[in-house]
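# Fold and geometry: a report
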Amino acid sequence: MELDLNKFRTLIPVNALYEDNLLYLAEQAHVERYLHGEQVFNIGDNDPDSLFLMSGELCLTSPEGEEIRVSAGSDRGLHALASRKPRHYRGVVVSQAATVVRFDSALLERLLAWGHFSPEFSINSHPEPAGGPSAEESEWMMSMMQTTAFTRLPAANIQDLFSRMEEVEARAGDLIVKTGDPGDYYYVIKQGRCRVTLPSDTGEVVLAELGPCSSFGEEALITDSVRNANVSMLTNGKLMRLAKEDFLQLLEAPLLQWIDYPTLTRMAADGAVRIDVRFRREFEHNGLRGSLNIPQNQLRAAIPELDKGKKYIVYCDSGQRSATCAFLLSQQGFDVYVLEGGLSAIRS
């Protein structure tokens, strides 16, 4: 079924979105039709969705038997149905039929958070009109908000990230990051493609090619060290960069979860997977028994083999290499923890 956009625009707080954001949310929504007597949701449901009544009438029944009638278009019907989770009501259709629209609650919150920028909000100090960001900015920002890393950030951090990022024009062949240079910025590709290479005696080894919404440059910032690879533009494009201090505050801190050794032991006993990100010979010398060994330089390639349903604990000698690996895994949607201080902290 198609979504009635005129009715969708009246829902609260959907009606507070900029038009581009509202249309994007509508594209992600699912329209469901129910007949008389059918159950739409039940007491105890803990799904991540927001449900709104577009047509018909529902009866909401609490565990104590309290009944609330909700009709589409009424004041109560403009708000999400039984929005508290787990749901406190059972919802059953009492009209001949009813239509419900369902979409991800977290997506709505992210779009609302972005929409609360002040009229002075700008990227790279270019003011946008009071009606909100341009169509180009809207498309890029909405793409970024769907990346796994952004879905795990507090709304306030997302606002600050967009407002503090600086746009950089780049041409094919430009060297953006050079091996040995100090870490100063974290980069996100807005348009175009980049190549990551490692200098060698025989030329360069290609490590990866990156496209829009991919990021690079975090390792030197997290470890407070120099760049360990070159990143150059394959095509003309645009990059968004974030200064080191802002990266550490707004991205690294929320995405990294630090634990001590006793916590590691308890989590491992409950099934968490420990990953030693040091090189093989280091791991063979003094790795924790029962751990996997995936060296830092092999982690990207190993990601498809890891189970996102499990918890992971990464460690190294000091915590620096493992922090970089944890950031990468967190960006990819893994529930990952870092042993604070690394092995040195439990052997001191």
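Calculation rules
Residues numbered from 1 in each chain as written. Predicted model: local features only at pLDDT ≥ 70, side-chain atom pairs only at ≥ 80, totals over all residues. Heavy atoms only, no water. Helix = DSSP H or I, 4+ residues; strand = E, 2+ residues; numbered from the N terminus. Contact = heavy atoms within 4.5 Å. Areas by Shrake-Rupley, 256 points an atom, 1.4 Å probe, with all protein chains shown as cover. Lys, Arg positive; Asp, Glu negative; His and termini not counted. Charge placed at Lys NZ, Arg CZ, Asp CG, Glu CD. Pairing = 2+ DSSP bridges. Axes fitted to C-alpha atoms, helices over the stretch in contact; angles between N-to-C directions. Polar contact = N/O pair within 3.5 Å; in protein donor to acceptor, adjacent residues only side chain to side chain. Core = buried A, V, L, I, M, F, W, Y, C linked by side-chain atoms within 4.5 Å. Buried < 20%, exposed > 50% of the residue type's maximum accessible area, 1.4 Å probe, protein only. pLDDT = per-residue confidence, 0-100.

## Some points on the overall build of the chain
Summing up its helical and strand segments, the chain has 13 helices and 22 strands in all. Its C-alpha atoms put the chain at 75 × 50 × 30 Å along the principal axes. Sequence-distant contacts in the chain: of pairs separated by 6 or more residues, those separated by 24 or more amount to 73%. Carbon and sulfur atoms provide 48% of the accessible area of the chain, an area that totals close to 17,200 Å². Put simply, the chain has 34 plus and 48 minus side-chain charges, and the middle of one group is 5 Å from the middle of the other.

## Some thoughts on the sheet that holds strand β20 (residues 292-293)
Pairing between the strands of a sheet comes from backbone hydrogen bonds, and it takes one of two forms, parallel or antiparallel. Taken in spatial order, the five strands make up an open sheet running β18-β22-β21-β19-β20, and their pairing is parallel. In this open sheet, the two strands that pair with only one neighbour each are β18 (258-259) and β20. Sheet analysis places strand β21 (residues 311-315) next to strand β22 (residues 335-339), joined by four bridges and oriented parallel. In the sheet register, Val314 faces β22, and the bridge partner there is Val338. In the packing of helix α12 (residues 320-331) onto the sheet, contacts are made with β18, β21 and β22, and the angle to β22 comes to roughly 170°.

## Quick look at the environment of Ser318
Position of Ser318 among the secondary structure elements: in the loop between β21 and α12. For the pair formed by Ser318 and Arg193, sequence separation is 125 residues and the distance between their alpha carbons is 34 Å. Those residues in contact with Ser318 that sit more than four places away from it in its chain are Gly341, Gly342 and Ser344. Here the side chain of Ser318 touches Gln320 through a polar contact of 3.3 Å, landing on its backbone nitrogen.

## Structural notes on the nonpolar core
Counting residues in hydrophobic clusters, the biggest one holds 60 residues, and the most contacted among them are Phe8, Val14, Leu25, Phe103 and Leu251. In terms of residue count, α12 provides more of this core than any other element does, six residues in total. The residues contacting Phe103, other than those within four sequence positions of it, are Phe8, Val14, Leu25, Ala29, Asp49, Ser50, Phe52 and Leu108. Membership of the second largest hydrophobic core comes to 14 residues, among which are Tyr34, Leu53, Leu58 and Val100.

## Section: unusual backbone geometry
Here the residue pair Ile12 and Pro13 is connected by a cis peptide bond, since its omega of 10° sits within 30 degrees of zero. If you trace the backbone, Pro13 turns up in the loop between α1 (5-8) and α2 (19-28). Residue Pro86 is bonded to the preceding Lys85 through a cis peptide linkage, with omega at -10°. Here Pro86 lies in the loop between β5 (67-71) and β6 (90-93). Within the chain, Asp224 stands out as a residue other than glycine whose phi angle is a positive 55°. When you line up the elements, Asp224 lands in the loop between α7 (218-223) and β16 (230-233).

## Overview of the confidence of the model for the chain
Across the chain, the average pLDDT comes to 87, with 91% of residues at or above 70. Scored below 50 in pLDDT, residues 116-131 shows 28 contacts in the model against residues more than four places distant or in partner chains.

## Structural notes on the side chain of Arg274
Tracing the backbone shows Arg274 in strand β19 (residues 273-276). There is a polar contact of 2.7 Å between the side chain of Arg274 and the backbone oxygen of Arg289. In this view, Arg274 contacts Leu264, Ala268, Leu288, Arg289, Gly290, Ser291, Leu292, Ile313 and Tyr315; residues no more than four positions away in its chain are not counted.

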